[in-house]
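Chains, contacts and geometry: an overview
Given next are the chains, with one letter for each unit.
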Amino acid sequence: MKTVLITCFEPFENRPTNASTEAVRQLPDRIGQWDIRKLQLPVVYGQAPQKAIVCAKEIGAELILCVGEAGGREDVTVEQIGINLRAARIADNAGRQPENEPCVTGGADGLFATIPVADAVKTLQKEGLPVRVSYTAGTFICNDVLYSVLHTFAGTDIRCGFVHVPAYGDTALSAACLLRLLQYLTD
Ligand code: PCA
């Protein structure tokens, strides 16, 4: 049995729900030979990636797929890169609002996702799913998680990626895209 860790986020910015949690909730607990473990992360710089990293190590995850919501996007977007920068438009859920600091001191400026982003997106698009590649995960908590997870598992066989689902979209459709992506990545 292999294990995938899939993370989502708690609500933030005074909203009652987070579309990533709504979508991840609809995923099964198993796909083929893979155990799907779900974890909700706080929208807090540093704490979110730390919680994901500790859990991934604990459960021996071979694949880590993190999911967040994106306010201005209509498609499900698979992130290509995490950057080593925290710059917040709003305070996180612990009240911190860094303007310009690294996610990881001394880390590389940017790190590419270690899932096959372009191939996966092409495959899902051919099936008619509303999925595309994104070249920025922003500079808030989603990027903090993507960058820090990539930094931590760099040089290992553990593959890491990040998906933004539309904040105001159909979470059942987002869940269908996530499920298909997981199937593709665990095949
Ligand atoms: N979206 C935010 C943080 C949590 C979430 O779901 C982001 O894009 O950084």
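Residues numbered from 1 in each chain as written. Predicted model: local features only at pLDDT ≥ 70, side-chain atom pairs only at ≥ 80, totals over all residues. Heavy atoms only, no water.

**Things to note about the overall build of the protein chain**
The number of helices and strands found in the protein chain is 5 helices and 9 strands. In the protein chain, the succession of α and β elements from N to C terminus is β-α-β-β-α-β-β-β-β-α-β-α-β-α. Relative to the globule expectation of 16 Å for 187 residues, the C-alpha radius of gyration of the protein chain, 15 Å, shows essentially globular dimensions. Over its C-alpha atoms, taken along the principal directions, the protein chain stretches across nearly 40 × 35 × 25 Å. Contacts spanning at least 24 positions in sequence make up 79% of the contacts within the protein chain whose residues lie at least 6 apart. (Helix = DSSP H or I, 4+ residues; strand = E, 2+ residues; numbered from the N terminus. Rg over C-alpha atoms; globule rule 2.2 N^0.38 Å. Contact = heavy atoms within 4.5 Å.)

**Some remarks on the packing of helix H2 (residues 47-59) against helix H4 (residues 141-153)**
For the pair H2 and H4, the least separation of the axes is 8 Å and the interaxial angle reads 40°. The orientation of H2 with respect to H4, classified from their angle, is oblique. Considering how the two elements wind past one another, H2 and H4 form a crossing that is right-handed. Packed against H2, whose contacting residues are Ala-48, Pro-49, Ala-52, Ile-53, Ala-56 and Lys-57, the element H4 presents Ile-141, Asp-144, Val-145, Ser-148, Val-149, Thr-152 and Phe-153 at the interface. Considered class by class, the residues forming the contact of H2 with H4 number 9 nonpolar, 2 polar and 2 charged. (Axes fitted to C-alpha atoms, helices over the stretch in contact; angles between N-to-C directions. Parallel < 35°, antiparallel > 145°, perpendicular 65-115°, else oblique. Left-handed = near helix turned anticlockwise from the far one by under 90°. Nonpolar A, V, L, I, M, F, W, Y, C, P; charged D, E, K, R; others polar.)

**What to know about the site of the ligand**
Around the ligand, the neighbouring residues are Phe-9, Phe-12, Asn-18, Val-43, Gly-68, Glu-69, Phe-140, Ile-141, Cys-142 and His-164. Here Glu-69 contributes a backbone N or O atom positioned 2.9 Å from an oxygen atom of the ligand. Taking Cys-142, its main chain carries an N or O atom lying 2.9 Å from an oxygen atom of the ligand. In isolation the ligand exposes 260 Å². Once the protein is present, 92% of that is buried. Contributing elements (two or more residues each) for the shell around the ligand: strand S4 (63-70) and H4. Of the residues contributing to the shell around the ligand, the split by class is 6 nonpolar, 3 polar and 1 charged. (Near = heavy atom within 4 Å. Polar contact = N/O pair within 3.5 Å; in protein donor to acceptor, adjacent residues only side chain to side chain. Areas by Shrake-Rupley, 256 points an atom, 1.4 Å probe, with all protein chains shown as cover.)

**So, the sheet that holds S4**
Taken in spatial order, the 7 strands of this open sheet run S2-S3-S1-S4-S9-S5-S8, and their pairing is mixed. Looking at strand neighbours, the two that pair on one side only are strand S2 (30-31) and strand S8 (131-134), the edges of this open sheet. Contacts between H4 and the sheet are confined to strand S1 (2-9), strand S3 (34-41), S4, strand S5 (76-79) and strand S9 (159-166), with S9 contributing the most and set at about 170° to the helix. Taken strand by strand, helix H5 (residues 171-186) contacts S1, S2, S3, S4, S5, S8 and S9, and its axis lies near 160° from that of S4. (Pairing = 2+ DSSP bridges.)

**Considering the state of the cysteines**
With the rule as written, the count across this model stands at 0 disulfides. Cys-160 provides the cysteine sulfur closest to Cys-66, a residue in no disulfide bond, and the two sulfurs are 7.4 Å apart. With relative accessibility at 2%, the residue Cys-66 sits in the buried group. Its sulfur unpaired, Cys-103 is 12 Å from the next cysteine sulfur, which belongs to Cys-142. (Disulfide = S-S within 2.5 Å. Buried < 20%, exposed > 50% of the residue type's maximum accessible area, 1.4 Å probe, protein only.)

**As for the pairing of S3**
Here S1 runs beside S3; their pairing, made up of 8 bridges, is parallel. Counted as the bridge partner of Val-4 is Ile-36 from S3. By the bridge criterion, 2 bridges tie S2 to S3 in an arrangement that is antiparallel. Bridge pairing in S3 links Arg-30 to Asp-35. Here S2 folds back onto S3 in antiparallel fashion, the turn holding 2 residues, of which Gly-32 has a positive phi close to 55°.

**Regarding the packing of aromatic side chains**
Here the structure, examined in full by the defined rule, presents 2 aromatic pairs. Taking the centre distance of 5.9 Å and the plane angle of 45° together, the rings of Phe-12 and Phe-140 count as tilted. Here Phe-12, found in the loop between S1 and helix H1 (19-25), pairs with Phe-140, found in the loop between S8 and H4; they are 128 residues apart in sequence, far enough to count as distant. Residue Phe-12 is classed as buried on the basis of its relative accessible area of 17%. Given a relative accessible area of 18%, Phe-140 falls into the buried group. (Phe/Tyr/Trp six-rings, centres within 6.5 Å; stacked < 30°, edge-to-face > 60°.)

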